[in-house]
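# Analysis of the macromolecular model
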Amino acid sequence: AVLNGPNLNLLGTREPEVYGRTTLAELEQQVRDEAGRLGVTLSWYQTNHEGAFVDAIQGLRGQAEGALVNAAAFTHTSLAIRDAMLAVRVPFVEVHLSNIFAREAERRHSRLADLAVGIVAGFGPQGYLLGLQGLVTKLRG
């Protein structure tokens, strides 16, 4: 599963100097192509609403072997999302288009990082592909 948080629906036009010009639809196609190459299927989800994000996480139980999670701004603020990830216990890779550790102080802390099997940040859309490759390798162990 791939879960995308708030404002990622604006990719391609929102702060392209930070997030690039690739749209969310283009990113989804790139990730689906890579998933096919790796022989895995995936679901894709994006929401701007914290409760809907929590619902999507809870929906992973019994449905997904692993996930890529770009919680966007929720990464830095949401105990609800952290608690949901703890509850479902689905292995996940935290993904960020920008290097959150080189940005504003409030973006340098992740409430999810210690739960993730890995983190990919700062590689733009390529980070999703790297995250997927790493997650699949880890799950196939």
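Structure shown above.
Below is a summary of the structure that appears in this document. Computed from a predicted structure; not experimentally measured.

### Section: the overall build of the chain
Within the chain, the secondary structure is distributed over five helices and five strands. Along the chain, helices and strands appear, N-terminal first, in the series β-α-α-β-α-β-α-β-β-α. Over its C-alpha atoms the chain spans a radius of gyration of 14 Å, differing by no more than 12% from the 14 Å that the globule rule assigns to 141 residues. Dimensions of the chain along its principal axes, counting C-alpha atoms only, are 35 × 35 × 25 Å. Sequence-distant contacts, at least 24 apart, represent 74% of the contacts inside the chain between residues at least 6 apart. Of the accessible surface of the chain, which amounts to about 7,000 Å², a share of 50% is contributed by carbon and sulfur atoms. Each charge sign in the chain was given a centre, from 13 positive and 14 negative side chains, and these centres are 5 Å apart.

### Things to note about helix α3 (residues 50–58)
Listing the buried residues of α3 in full gives F53, V54, A56 and I57. Projection of α3 onto a plane perpendicular to its axis shows the buried side chains occupying an angular sector of 160 degrees, all on one side. In the core, the buried residues of α3 are packed alongside β1 (2–4), β2 (44–46), β3 (67–70) and α4 (79–88).

### Remarks on the environment of M85
Topologically, M85 is positioned in helix α4. Residue classification places M85 among the buried residues on the basis of a relative accessible area of 3%. When the C-alpha positions of M85 and F123 are compared, they lie 24 Å apart, and in sequence the two are 38 residues distant. Contacts of M85, omitting those with residues within four sequence positions, involve I57, V69, V90, F92, L112 and L115.

### Side note on the pairing of β3
Residue alternation in β3 divides its side chains into two sets, A67 and V69 and L68 and N70, and both sets are buried. Bridge count between β1 and β3: three bridges; the pairing is parallel. Pairing of N4 across the sheet is with N70, part of β3. Taken together, β3, α4 and strand β4 (residues 92–96) form a β-α-β motif whose crossover is right-handed.

What counts, and where the lines are drawn
- Residues numbered from 1 in each chain as written.
- Predicted model: local features only at pLDDT ≥ 70, side-chain atom pairs only at ≥ 80, totals over all residues.
- Heavy atoms only, no water.
- Helix = DSSP H or I, 4+ residues; strand = E, 2+ residues; numbered from the N terminus.
- Rg over C-alpha atoms; globule rule 2.2 N^0.38 Å.
- Contact = heavy atoms within 4.5 Å.
- Areas by Shrake-Rupley, 256 points an atom, 1.4 Å probe, with all protein chains shown as cover.
- Lys, Arg positive; Asp, Glu negative; His and termini not counted.
- Charge placed at Lys NZ, Arg CZ, Asp CG, Glu CD.
- Buried < 20%, exposed > 50% of the residue type's maximum accessible area, 1.4 Å probe, protein only.
- Arc of directions from axis to C-beta.
- Pairing = 2+ DSSP bridges.
- Right-handed = clockwise from strand over helix to strand, strands pointing away.

Keep in mind that these numbers describe shape and distance, not what the molecule does.
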